[in-house]
Amino acid sequence: MRVAFVGKGGSGKTTLSALFSRHLARSGAPVLAVDGDINQHLAEALGPVERPAVPLGPHLRDIKDFLRGDNPRITSPESMLKTTPPGRGSRLLRPLGDDALHARHVGRAGGVPLMVTGEFDESDLGVACYHSKLGAVELYLGHLLDGSGEYVVVDMTAGADAFASGLFTRFDLTFLVAEPTRKGVSVYRQYRDHAEQFGIRVAVVGNKVTCEDDLLFLKEQVGDDLLTHLVQSPWVRAAEQGRTGGELEPHNQHALNVLRETVDAHVRDWDRLHRHAVEFHLRNARAWANDRAGEDLAAQVDPDYVPGGPAGG
């Protein structure tokens, strides 16, 4: 299952991404954490870096070439977009599988396998959009055959910026982390309105709750979308200051259990995931990519093919 954590900057989405990833890993579940935020802090939040992850962004061309495999509809890596859906001949991946992409790009932090998009470098400043780096994550998820009991947890960019690409449609569940403030819930409203257009479930996770009034505020603002909440955590603050020891508070442990139960109860809809992938690919092709490539990139769509479905394996 693919899970995204989104929210206003400073809401605690990176912390929640790390806590949930570690919670899954400590239970023995196969989990991959992915840092898709422009501010690359997930490795630090997970814990000691045991093996640095090689960033995906700078190797986007190689990733395209690897994933296109023998797909005859894709003429070259250069013609492949971040939205290009897989088809017959494409190289599909198992989470943390024995393949060249995982071998090259997966690191480890806090006992959790980790992929990272990478930071801006000097050559990017003033000329590149961060979403070009996120294209590698979008392609990876589009070519991933993950199943029940397997988890991919993505720490997304802050605010509603995630809607600048089709990446937001690649998840089974989206957890929106919200503080009990007006600013904290403003992103929820933006995300809810956009997500509803595509049938994407958004569940709100309250964070930094200190009292009953905080909880009541969240309930009044987001209603039934409030799934659970975490209280202000001395354990998290100590960890952020580099002090280790002890355990996460029982209430917050319970909240993580609720998140996992919600994910585990979800049923994957391969048709929806692929339908959205094709839709955003065609949007990009018509808007700008056909002119750049000098060809009709709608031809990259393999009719009647759905990864994970009867024809897609």
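Preceding this paragraph is the structure being described.
Residues numbered from 1 in each chain as written. Predicted model: local features only at pLDDT ≥ 70, side-chain atom pairs only at ≥ 80, totals over all residues. Heavy atoms only, no water.

**Student:** Looking at this model, I keep getting lost on empty space enclosed by the protein. Mind explaining?
**Tutor:** A water-sized probe, rolled over the atoms, reveals where empty space remains. Taken as a whole and assessed by the stated rule, the structure comprises 1 cavity of 30 Å³ or more. Put simply, the largest cavity is a space of about 90 Å³. Taken together, Arg 2, Pro 86, Leu 141, Gly 142, Leu 144, Arg 170, Trp 270, Leu 273, His 274, Ala 277 and Pro 307 form the lining of the largest cavity. For the lining of the largest cavity, the class distribution of residues is 7 nonpolar, 2 polar and 2 charged. (1 Å grid on protein atoms, 1.4 Å probe; cavity = no way out; pocket = protein on both sides within 12 Å on 5 of 7 lines; lining within 4 Å. Points joined across faces, edges and corners; volume = space filled by probe spheres on them. Nonpolar A, V, L, I, M, F, W, Y, C, P; charged D, E, K, R; others polar.)

**Student:** Could you clarify how one ought to interpret the layout of surface pockets in this entry?
**Tutor:** Here the largest pocket is characterised by a volume of approximately 700 Å³. Listing elements by their share of the lining of the largest pocket, those giving two or more residues are α1 (13-26), α2 (42-46) and α8 (234-240). The greatest single-element share of the lining of the largest pocket, amounting to 7 residues, is contributed by α1. Taken together, the residues of the lining of the largest pocket break down into 9 nonpolar, 14 polar and 9 charged. (Helix = DSSP H or I, 4+ residues; strand = E, 2+ residues; numbered from the N terminus.)

**Student:** How do you make sense of the sheet that holds strand β4 (residues 107-109) when you look at a structure like this?
**Tutor:** Consider a sheet: its strands pair through backbone hydrogen bonds, and that pairing is either parallel or antiparallel. Read from one edge to the other, the open sheet built from 9 strands follows the order β3-β4-β5-β2-β6-β1-β7-β8-β9, with strand pairing classed as mixed. Edge strands, defined here as strands with exactly one partner in the open sheet, are β3 (49-51) and β9 (226-231). When the angles between neighbouring strand axes are averaged without regard to direction, this sheet yields 30°. Pairing of strand β2 (residues 31-35) with strand β6 (residues 151-155), which is carried by 5 bridges, proceeds in the parallel orientation. Bridging across to β6, Leu 32 finds its partner in Val 152. (Pairing = 2+ DSSP bridges. Axes fitted to C-alpha atoms, helices over the stretch in contact; angles between N-to-C directions.)

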